[in-house]
Amino acid sequence: MRGRTHLAVGERRWVHGAFGLMAWIVGLVYFFPVFWMVLNSFKSEQDANTSPKLFFHPTLDRYKDVTKSATGLLSFGEAFTNSAVVVIVSTIIVLALAIPAAYALAIRPVHKWRDVLFFFISTKFLPVVAAILPVWILARNLGLLNTRNVLIILYTGLNLPLAVWMLRSFFREIPRELIEAAEIDGAGLKGQLTSIILPMAAPGIAATALLCVIFAWNEFFYAVQLNPVKGSTVPIWVTTNISTRGDFLAKLSAASVLACIPVVLAGWIAQKRMIRGLAMGAIK
Amino acid sequence: MTTTTTTLRTRITRRPLSESWRRRLPLLPALLFTIVLTQVPFVMSIWYSLTDWTIVPPSPRKFVGLANYGKLASDHFFRDAAFTSIKLTVVPVLGALILGAAFALLLDRKFFGQGLVRTLLITPFLLMPVVVGLIWKNQMFHGLYGVLNWIIEKLGGSPVEFVSRYPTWAIALVLIWQWTPFMMLIMLAGLQSQPADVLEAAKVDGATPFAIFRQLTLSHLRPYMELGILLGTIYLIQVYDQIAVMTGGGPGSTNVPYFVFQRSIGGGWAFGRASSYSIVVVVASIIIATIALRVLSGLLKGEEAA
């Protein structure tokens, strides 16, 4: 993302500096709850559950506490494995379905492609709550309650419209001449995809996959309704670290850091691309 | 007569038809998957909402027509949930939009550490909603040890039990915090697509920065603001996670989606009634979505012309 300088041209230097300082203050204040969560995760419960303390003896014990597995309880390892499997498999299926669909909407558009695109995006407007009762009943009747499969199917459905929408805008940026040249050489859909489209749109595909991963990793509603016992994912594991008796803030913070770290790191690394993808997905 | 026309039409359109099917083929798996997964439950929901089906106590499913909808108006629990839903959508959307626009304006100029500040600002959007709710409840809002109460006490006030005393506002604040980055990103995209030459020309003509902002930037940002409002509304009208972990429902925090949950698989087991609530959310969403699609359609047309 490039910054603009021309607005600042002719502005006095101190005005410019003041805006920069303000941005820093806003950023730090805004980030404070996250900073505090990380700090609390290295405290003892005693240090965390008192009036806010900046200085303390840091310890990794809370991380040991929350990753320790106890029989009969959802362990960190189980939840993490379930989340990883559900997120990765559903994202792969999303891409496998969305890439050809985006091709049919962007490169060799079907008749009335705009209506189709709108249909996809309009399904995002249907609140999940409207679907949960039938989904719960269908899942129960099909024996899918408390399985990873039900979440894989649902997360594929949740992310597919967004993926189609974003991939279409990335595919549109590929120069048409390249695709036409490949066609003249006799490449079919598969050939065009592997030789031109996938390599050229790789950054866009990565950004799309990342957003799918973020939404699936953070999803709680379907997970807690359909998989409260077995096949539970990380968000549910986080909530198991709240206890009704005794202090738990430091433990909860450690669990929260572990739960958020994969997605936050990925988001930080890919932020520029993701911002562009979101903006294009939304605007283009 | 009809047969002749049909054969004629088939003959004329045969070749384009196979070509158009060849085009459609890559689209079909995604389309079918989406139709089955979204429309089937939706139609089932409509059907449930026309019955008096309850699971506990078990009752035979009986068709009752629109009776469930007729009862909505007099159901004060539903009215409360609908009112909470409106508050928990409008306040966070507008709050996040205003803050997001302000942050985007700050970030849209070069300064030392710009990238780092942007990273700090987008982080809440990446956090798990469940974690956001729990962390705010237990470390920021906590009645004894919360950071906010620490500040209030330093300023000479007395501590407040934010979550139990002001559940709507506590949840709204958390939602604003999490959704501001989303609005900021949309606004940044808008700011950065401003044609530089027009701004330059205005400056050459001697326009003040404030006049440029008011007359050029704001009008350019308008479609982006509309888009932010519409997308934000559609997501926030469905909020469940933060309510579940912060209050677990209750006066002032049970919105319609949470109410549907409470009245059905959350213990109420009245599937017929609960479905009628969710259809109301759908209808509200469809109204908003229609407006949203019109805005998006305008933007797409612009793209096609370009």
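Our structure's up above, just so we're on the same page.
Residues numbered from 1 in each chain as written. Chains lettered and ligands numbered in written order. Predicted model: local features only at pLDDT ≥ 70, side-chain atom pairs only at ≥ 80, totals over all residues. Heavy atoms only, no water.

Draft legend 1. Structural detail: helix H6 (residues 128–141) of chain A. Residues and elements named next belong to chain A. Here H6 contains 14 residues, and its C-alpha end-to-end distance of 19 Å stays within 8% of the 20 Å for a straight helix at 1.5 Å per residue. The principal kink in H6, of about 30°, is found at Pro134. Most of H6 sits out of view: 11 of its 14 residues are buried. By the burial criterion, the buried members of H6 are Val128, Val129, Ala130, Ala131, Ile132, Leu133, Pro134, Val135, Trp136, Ile137 and Ala139. (Helix = DSSP H or I, 4+ residues; strand = E, 2+ residues; numbered from the N terminus. Expected span 1.5 Å × (residues − 1). Bend = angle between axes of the 7 residues up to and from the residue. Buried < 20%, exposed > 50% of the residue type's maximum accessible area, 1.4 Å probe, protein only.)

Draft legend 2. Quick look at the interface of chain B and chain A. Facing 103 residues of chain B, the contacting portion of chain A comprises 105 residues. The contact between chain B and chain A buries some 9600 Å² in all, and 75% of this surface belongs to carbon and sulfur atoms. Of all residues in chain B, the largest losses of buried area upon contact with chain A belong to Arg109, Leu126 and Met128 of chain B, amounting jointly to 8% of the total for that side. At the boundary of chain B with chain A, the tally comes to zero salt bridges. For the pair chain B and chain A, the interface holds 14 residue pairs in polar contact (both at pLDDT 80 or more). Taken together, the residues of the side of chain B that touches chain A break down into 69 nonpolar, 22 polar and 12 charged. (Contact = heavy atoms within 4.5 Å. Buried area = accessible area lost by both parts, 1.4 Å probe. Salt bridge = Lys/Arg side-chain N within 4 Å of Asp/Glu carboxyl O. Polar contact = N/O pair within 3.5 Å; in protein donor to acceptor, adjacent residues only side chain to side chain. Nonpolar A, V, L, I, M, F, W, Y, C, P; charged D, E, K, R; others polar.)

Draft legend 3. Molecular detail of the pattern of salt bridges. Residues and elements named next belong to chain A. Under the counting rule described, the total for this entry stands at seven salt bridges over all chains. Asp61 is the salt-bridge partner of Lys64, the closest N and O atoms lying 3.6 Å from each other. Of this pair, Lys64 and Asp61 both sit in helix H3 (residues 61–67), three residues apart, roughly one helical turn. Under the relative-accessibility criterion, Asp61 is labelled partly exposed at 35%. A salt bridge links Arg108 to Glu183; the nearest nitrogen and oxygen atoms lie 2.9 Å apart. Placement of Arg108 in the loop between helix H4 (76–106) and helix H5 (113–123) and of Glu183 in helix H8 (residues 176–184) is noted, with a sequence separation of 75 residues between them. Looking at Glu183, the relative accessible area reads 28%, which means it is partly exposed.

Draft legend 4. A nonpolar patch on the surface, seen in detail. All names here are of chain B. A surface patch of nonpolar side chains, about 490 Å² in accessible area, is lined by Phe83, Ile86, Val90, Leu94 and Ile98. Relative to the assigned elements, Val90 resides in helix H4 (residues 76–107). Residue Val90 is classed as partly exposed on the basis of its relative accessible area of 42%. (Patch = residues over 30% accessible without salt bridge, like charges linked within 9 Å, V, L, I, M, F, W, Y side chains within 5 Å. Areas by Shrake-Rupley, 256 points an atom, 1.4 Å probe, with all protein chains shown as cover.)

Draft legend 5. Just the packing of H4 of chain A against helix H7 (residues 148–171) of chain A, in detail. Residue and element names in this part refer to chain A. The interhelical angle for the contact between H4 and H7, taken along N-to-C directions, is 40°, at an axis separation of 6 Å. Handedness of the H4/H7 crossing: right-handed. Grouping the constituent residues of the contact of H4 with H7 by class yields 22 nonpolar, five polar and two charged. (Axes fitted to C-alpha atoms, helices over the stretch in contact; angles between N-to-C directions. Left-handed = near helix turned anticlockwise from the far one by under 90°.)

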